[in-house]
Structures are given as C-alpha cells and as structure tokens.
Amino acid sequence: MRGLSALVKPINACQKWIVPAGITHFSTKAQPKQWPRKIISGIQPTGVLHIGNYFGAVQRWVQMQESGENVIIFLADLHSMTMPYEPAQLRENIYELTATLLACGIDTKKTPIFLQSTIPQHAELCWILSCLCTMLRLSHLPQFKEKSAEVKDIYTGLFMYPVLQAADILMHKATHVPCGEDQLQQLQLAAHLAKVFNTKFGETFPIIEPMIGQDASGRIRSLRDPSKKQSKSDPSDQSRIIMRDSPAAIRKKIKRAITDFTSEVTYDPENRPGVSNLVGIHALVKNVSPQEICDQSKELDTGKYKLVLAEDLVSLLDPIRLKIEDYLKNRDYLDSVLKEGRDVAAQTAEATMKEVKSRIGVNILQNCR
Ligand code: AQP
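Residues numbered from 1 in each chain as written. Predicted model: local features only at pLDDT ≥ 70, side-chain atom pairs only at ≥ 80, totals over all residues. Heavy atoms only, no water.

> In this structure, what is going on with the overall build of the chain? I would like to understand it.
Within the chain, the regular secondary structure consists of 15 helices and 6 strands. The C-alpha atoms of the chain give 21 Å as radius of gyration, which agrees with the globular expectation for 369 residues (21 Å, within 12%). Structurally, the chain occupies a C-alpha span of about 75 × 45 × 45 Å along its principal axes. Among the 369 residues that make up the chain, the fraction classed as buried is 51%. If you take every contact in the chain between residues at least 6 apart in sequence, the share linking residues at least 24 apart comes to 78%. Summed over its atoms, the accessible surface of the chain is roughly 17,500 Å², and 53% of this surface lies on carbon and sulfur atoms. Averaged over its 46 positive side-chain charges, the chain has a centre that lies 3 Å from the centre of its 40 negative ones. (Helix = DSSP H or I, 4+ residues; strand = E, 2+ residues; numbered from the N terminus. Rg over C-alpha atoms; globule rule 2.2 N^0.38 Å. Buried < 20%, exposed > 50% of the residue type's maximum accessible area, 1.4 Å probe, protein only. Contact = heavy atoms within 4.5 Å. Areas by Shrake-Rupley, 256 points an atom, 1.4 Å probe, with all protein chains shown as cover. Lys, Arg positive; Asp, Glu negative; His and termini not counted. Charge placed at Lys NZ, Arg CZ, Asp CG, Glu CD.)

Written out as structure tokens, the structure reads:
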C-alpha cells in the first residue's frame, strides 16, 4: 500500500485558491477586528463519497492541513436529516465518512473531525440566527429550490438548512470556508448573518471569506449527464465514481461515461461538457493542467483515452479504498476519533455560546450553580 504522502500531491495552496472578488456581502472592510485565520468545512454523511467530494473538498483539506493551516472538519449529520433518510443507514454513513476522511489523509492530530450532533450548541445558535434571518432571504437560495423540487413534503429543516450552516461556521469563528461554486450563496448568507449580529449586538463573529478552487475541482460533473454535478444522492450510481469503487467498477463507469460524436480529446467545457469533464478529472488526478492532458492524448480517440483515464483513476483510488476498508474494521478507533474531535469543538462552542448569550441578553443564570 502506498504511503499517504504519495497520495497527497503537495501544491502551493495560495496558487490554487481564489477568494471571489466583487461580492459585496463578503466584504470585510468594515470589520474593525483582525481575526486569527481559521478554516472550517463540513460534509454530509448522505452516502459514500465520490470523486467530486474528494477533489472539491477532501483533497483540498488535506493540502491545507499539510501547509500548516488551522483547519477543523465536521460531519454534518444534522444537515443530512433535511432529506428523507434511514437511521441505520445514517449511522453506517457516519462511520464510512470518518473512515474515508482518514484514508484520504486527514490527520486528526492536526485537523480535528467532529460529528455536528455531538455539539448541541450548533442547533442552539441556529435558532438565535434564525431570529435574525428573513424567510424571503432563505426562499431565494438555489439549493432549497432544487432540493424541495425533489420531495413531496418539504420540511422546515430543508428551508432552515443555510441558517444551520451559518451557525456551524460562526460557532467556530472561522475566517475562511473552502467550498464548491454551489455553496457560494449559502456562504453569503452566513457572512450576512455575522454582519447583522455584529451590528445589533457588538463585534462577535468574523465575516467569512469563501475559498473556491481555481481548477475543475469546484464542479465535477455527472458521468451520465454532464449538465449536473456528481452527487452522492443521484439515483444513478453510474453517474459518479465513489471512493470505494473496485477497479472493475471504475473501468466500467468511465467506459460508459457520456461524451459526444467527436473522437478528439479536447478541453472545451461549454461545447463539449462530457469529454471536458473527463479531461478535468484527469488533470486533477495527475496534478497537471487540462491542456497538458489534451497534449498527451493527441494520438488517442475518446474510447482509447477513457482506458488511460480509468487506469490513472484506479492507481489513485485503489490504495484509498483499501485503507477505508481497514479503518472500517476498527469501529472503536473511529469512535475515538470522533470523541477527540467533539472535545476540541465543545471548548470553542461553550465559549462562543457564553459570549453570544451575554450579548443577546439571556445570560441571566450564568453565574448561578
Ligand atoms: N460534484 C462536485 N464537484 C466538486 N465539489 C463537490 N462537492 C460536492 N459535490 C461536488 C463538494 O463536496 C463538499 C461536501 O458536500 P456535502 O456532502 O456537504 O453536500 P453536497 O455539496 O450536496 O454534496 P453531494 O455529493 O451532492 O451530496 P448530496 O447528494 O447528499 O447533496 C462540499 O464542499 C461541496 O462543494
């Protein structure tokens, strides 16, 4: 099995991130206080991670961890309840996700991982922030529109999801949040709520800045329909490569991936989304630019090119798959990882809520036994 250092390609983190410019809600200019840099990110235990989650989120976290950033990660189990789910499956997904993060290179000595529901203050802060957030603002967010279209009964939790997300971020006084393009508007809401709270009750929270990957990692597309992103919950399992796919499954899915009638390998996401998605994924696997992949594949038609890509994906993913399987055999260890993470997160959460309650005027019994 390859060592982790072989899996994690070192990058110059500064080169690969952009903080979107010209988004007024994220402006930190009015913020008098300089906050220590802290990065928070969450991921939902809604299924087995796919390469979109890996390149768009997990690999980036590992790179940030290796470059010495202060990162904390949480498994967003409260968020995963906003869509229909089975308790036994959720429990299994939590273990699977923990094992996957470790197998991908998260070192919990440097980067704690906690389970959101083990810190009850997240739900408490969500309520307080919901009293500062209008229904109009929430109803405009695209994720609510998309996800509510998928279900018959729309629960309030789905509507409130972005407020809980804001609570997750503000609770830990994060200054930066890595995210895919799909998350930008939700992060804008978190920044807005921090501003509203600070203005009304005094400077309490940093105004977060989103960090978006500059390459194709921000939106890895479905292999069956390149107009959509790869998603854990897409009903078609052929639409995504998951981190636990066998080599045979990876080869089959790539072979069946939708391309077009042109046989050349080119990178043109607008006009050739299918093949460009494959080239984008390949560039991330090899840590080179999409153009370099096209140059190396000049002699190949898309059919032959898919065979090369599949083998490169197998080389990257198979060692991770084997590690996930090893970690899953040791549930006690996975429990201990989440317990350690909870202990770290609880300290910050207690301090933040003490401050919040004192600012909003409900700290009446704070000093009573
Ligand atoms: N296709 C994608 N390309 C790049 N990044 C992606 N992310 C998700 N899909 C892609 C990033 O993965 C992180 C964790 O996402 P999440 O689990 O919190 O929720 P999600 O964005 O809704 O992911 P899925 O896979 O689509 O899950 P379901 O189907 O449950 O909704 C985020 O940083 C996200 O940007």
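Structure's up, so let's keep going.
> So what exactly am I meant to see when it comes to the pattern of salt bridges here?
For side chains of opposite charge, pairing can occur when their charged atoms come near one another. Evaluated as defined, the whole model comprises 19 salt bridges. Across the salt bridge formed by Arg321 and Asp318, the nearest N and O atoms sit 2.8 Å from each other. Of this pair, Arg321 and Asp318 are both found in helix 14 (residues 302-328), 3 residues apart, which corresponds to roughly one turn of the helix. For Arg321, the salt bridge is made with Glu325, and the minimal N-O distance between the two is 3.5 Å. Linking Arg321 with Glu325, this pair stays in helix 14, spanning 4 residues, or about one helical turn. Residue class for Glu325 comes out partly exposed when judged on its relative accessible area of 28%. (Salt bridge = Lys/Arg side-chain N within 4 Å of Asp/Glu carboxyl O.)

> Would you explain the site of the ligand in this entry?
Around the ligand sit 21 residues in total, of which His50, Lys147, Ser231, Lys232 and Ser233 are the nearest. Between a nitrogen atom of the ligand and a main-chain N or O atom of Gln230, the distance comes to 3.0 Å. Between an oxygen atom of the ligand and a side-chain N or O atom of Lys232, the distance comes to 2.4 Å. Calculation on the ligand without its partners gives an accessible area of 630 Å², and the protein chains cover 95% of this total. (Near = heavy atom within 4 Å. Polar contact = N/O pair within 3.5 Å; in protein donor to acceptor, adjacent residues only side chain to side chain.)

> Would you mind going over the pairing of strand 6 (residues 209-213) with me for this structure?
Side-chain positions along a regular strand alternate between the two faces of the sheet. Burial of strand 6 is extensive: 4 of the 5 residues sit out of reach of the surface. For strand 5 (residues 176-179) and strand 6, the ladder comprises 4 bridges, and the chain directions are parallel. Bridge pairing in strand 6 places Val177 opposite Pro210. (Pairing = 2+ DSSP bridges.)

> Is there a simple way to explain the packing of helix 5 (residues 87-103) against helix 14 in this structure?
Packed helices, taken two at a time, are described by their axes: the angle between them and the distance between them. Two elements in contact, helix 5 and helix 14, have axes whose closest approach is 8 Å; the angle formed by their N-to-C orientations is 130 degrees. Between helix 5 and helix 14, the interaxial angle falls into the category oblique. Between helix 5 and helix 14 the crossing geometry is right-handed. Touching Tyr95, Glu96, Ala99, Thr100, Leu102 and Ala103 of helix 5 are Ile320, Lys323, Ile324, Tyr327 and Leu328, all from helix 14. (Axes fitted to C-alpha atoms, helices over the stretch in contact; angles between N-to-C directions. Parallel < 35°, antiparallel > 145°, perpendicular 65-115°, else oblique. Left-handed = near helix turned anticlockwise from the far one by under 90°.)

> Honestly, the environment of Lys33 in this entry has me stumped. Any pointers?
Its place among the elements puts Lys33 in the loop between strand 1 (17-18) and strand 2 (39-43). Between the alpha carbons of Lys33 and Thr204 there is a distance of 9.5 Å; along the sequence they are 171 residues apart.

That's the geometry; what it means functionally is another story.
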